[in-house]
Amino acid sequence: MGKFILSLLLAGFAVGAARAETGAAESSLTLRGFGTLGLARSSSDHAEFVRDLSQLVGIKGGQWSGRIDSVLGLQANWEATPEIELVGQMVSRLHYDRSHNPELMWAFAKWEPDPRLTFRGGRIGADFMMLADSRLVGYSYLTVRPPTDFFGPLFFSHFDGADVSGTLPLGGGLVRGKLFAGKTQEKSAGTLGVWDTSGSPVGGLVLDYVTGPWNVRLNSARIRFAADMNVSALTTLLRANGGDAAADSLLTEGRTSRYLSLGVVYDHGPLLLQGMLNRIRHDSAAFQDSRTGYLLAAYRVGSVTPFIGVSRWKSQPHENLPVVVPGWLDEEYQRFVAGSKIDRTTYSLGARWDFRHHMALKFQLDAVRASPDTAFSFANVQPAWNGKTNVLTLTLDFVF
Amino acid sequence: MRFLLPWFIACLLLLSPAAHAELVLVTSPQSGIERLTQDEVVNIYLGRYRRLASGLAAEPLDHPIDSEVRARFYRRLVGKSLAEINAYWARLVFSGKTKPPQAVANAEGLLRIVATQPGTLAYVERSQADARVKIVFEFGD
């Protein structure tokens, strides 16, 4: 489907470009781009700090690296008519396979029959962030990256499908609602190797209320995984020992994960306050359920905006897991299900400097404090890992 | 020295608050609206809701990115610097959601468009708003 959409869009842009050259007033083609040059270092030698769970490698050992935050994106918008627009976006960033190969992030057609109603179809952004569909446009937000404790588990950035959104004035403010459905086309990677979640149905609802400086958002989404992770070594062993229930609990194919979040933003003059909470529940015992949250406070002084933040990510073990009879195998099973345990808090301090139009420099210091048995959410964890690392990041963010 | 006096007075006038006359929002008399509230203007200019009470689609227009008028307008409207407004638009544009207001080179260009295209809106100095357009919002309302 991705290839089909891409060729459709390329054809559309070719036509659009041709028309733009002839100066036809009724259509217009716009090319834009965004990017981040990021340098970060993490103090610990014993685990690698990653931006989110889609990254198989991160940074460690006090060495400066540009791999986790650097991004380059290009976007073309072709406004075919005042109501119909085609949008395509290619992005190069660190992938599950350690490459920076360009990826088709978005390719959709948008139909806006009325300012109150928008339909989109194609490859569209998964709307997890409080204020935007994309977490990759560093220039558009304050921190060097969206808080890892909150957005780390949300490794999906797009899906192939459709959404419809409507906006209505209500009580002096605006209510916006959005329904979306489709299938994911992404992979992630971890200690079990690559997990291809392509073709997993996703769907959800986003409700926003905006009034004056306040914005409140409720987001509910679910995904039913289309594939199992590479757990057959353990499940085969479990089944051979009569542990069918335990083996089944580790499967992800056909199992649902549910996401619920609530966010509040207060943005008035130089002051910005932002807070979000989320809860993720997994049917599969391969992942522990989790709750996360963050708070961010910033106050702009001239062209510099200092900020402080705190975020927390904590998992809860599944209850009533089956008991496996040979004790040693039960230990293996318990060790596996505890592998996705997370208990971490991050304290952040930083500043953004808008030194010229469409460019910003940022620095941020993150003190990550996790329990020593929090291995999930970090990469290449060594036995000596004590759960503590300090991450210093410098970025240059731009749009053009 | 006498010939310097008019220049001196002109400079004083330029520096005085009167030179920073109040901005007003204008539209075509054919747009079918009388007044807009500040919240409605915010919704239109920040791309949240671009529909006029008359049912027409609202199309806001901007001054060029480097202009002092533009900086003054957003500071007055939402208390934001242009850098913050730019970041805000990056958020929406790279979400494929909505478009920022189209920029036009000068006040006369803005007035020409607004006068002839119902639904378009522009902010200009009060002294520039002539009979071709209708004032629908003034700060301090």
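Source: prediction; values computed, not measured. (Residues numbered from 1 in each chain as written. Chains lettered and ligands numbered in written order. Predicted model: local features only at pLDDT ≥ 70, side-chain atom pairs only at ≥ 80, totals over all residues. Heavy atoms only, no water.)

Help me out: how do you make sense of the environment of Thr389(A) in this one?
Residue and element names in this part refer to chain A. By the secondary structure assignment, threonine 389 is in strand β20 (residues 388–399). According to the relative accessible area criterion, threonine 389 is buried, its value standing at 2%. Not counting residues within four places of it along the chain, the set of residues in contact with threonine 389 comprises Ser42, Ser43, Ser44, Asp366, Ala367, Val368 and Arg369. There is a polar contact of 2.6 Å between the side chain of threonine 389 and the side chain of serine 42. (Helix = DSSP H or I, 4+ residues; strand = E, 2+ residues; numbered from the N terminus. Buried < 20%, exposed > 50% of the residue type's maximum accessible area, 1.4 Å probe, protein only. Contact = heavy atoms within 4.5 Å. Polar contact = N/O pair within 3.5 Å; in protein donor to acceptor, adjacent residues only side chain to side chain.)

How should I be thinking about helix α5 (residues 327–337) of chain A in this particular structure?
In an α-helix, one turn spans 3.6 residues, which is why side chains three or four residues apart end up on the same side. All names here are of chain A. Within α5, the full set of buried residues consists of Leu329, Asp330, Tyr333, Phe336 and Val337. Angular distribution of buried residues about the axis of α5 spans 125 degrees; they occupy a single face of the element. Set apart from the buried face of α5 by more than 90 degrees, the exposed residues are Glu331 and Arg335. Those residues of α5 hidden inside the fold are in contact with α3 (232–240) and α4 (244–249). (Arc of directions from axis to C-beta.)

Honestly, the interface of chain A and chain B in this entry has me stumped. Any pointers?
Note: interface size is frequently given as the accessible area lost on complex formation between the parts. Each partner contributes residues to the interface: chain A has 40 residues there, and chain B has 29 residues. Of the roughly 2800 Å² buried between chain A and chain B on both sides combined, carbon and sulfur atoms contribute 52%. Among the residues chain A hides against chain B, the three largest losses belong to Pro115(A), Arg300(A) and His357(A). Together they make up 19% of the total. Close ionic contact of Lys80(B) with Asp267(A) constitutes a salt bridge, the shortest N to O distance being 2.3 Å. At the junction of chain A and chain B, the tally comes to 8 residue pairs in polar contact (both at pLDDT 80 or more). At 5 residues, strand β5 (residues 103–114) of chain A tops the list of elements feeding residues into the side of chain A that touches chain B. Each residue belonging to the side of chain A that touches chain B can be placed in one class, and the counts come to 13 nonpolar, 12 polar and 15 charged. (Buried area = accessible area lost by both parts, 1.4 Å probe. Salt bridge = Lys/Arg side-chain N within 4 Å of Asp/Glu carboxyl O. Nonpolar A, V, L, I, M, F, W, Y, C, P; charged D, E, K, R; others polar.)

What am I meant to see in the environment of Ala351(A) here?
Secondary-structure assignment places Ala351(A) in strand β17 (residues 343–356). The contacts of Ala351(A), once residues within four sequence positions are left out, are Val304(A), Thr305(A), Pro306(A), Phe307(A), Leu361(A), Lys362(A) and Phe363(A).

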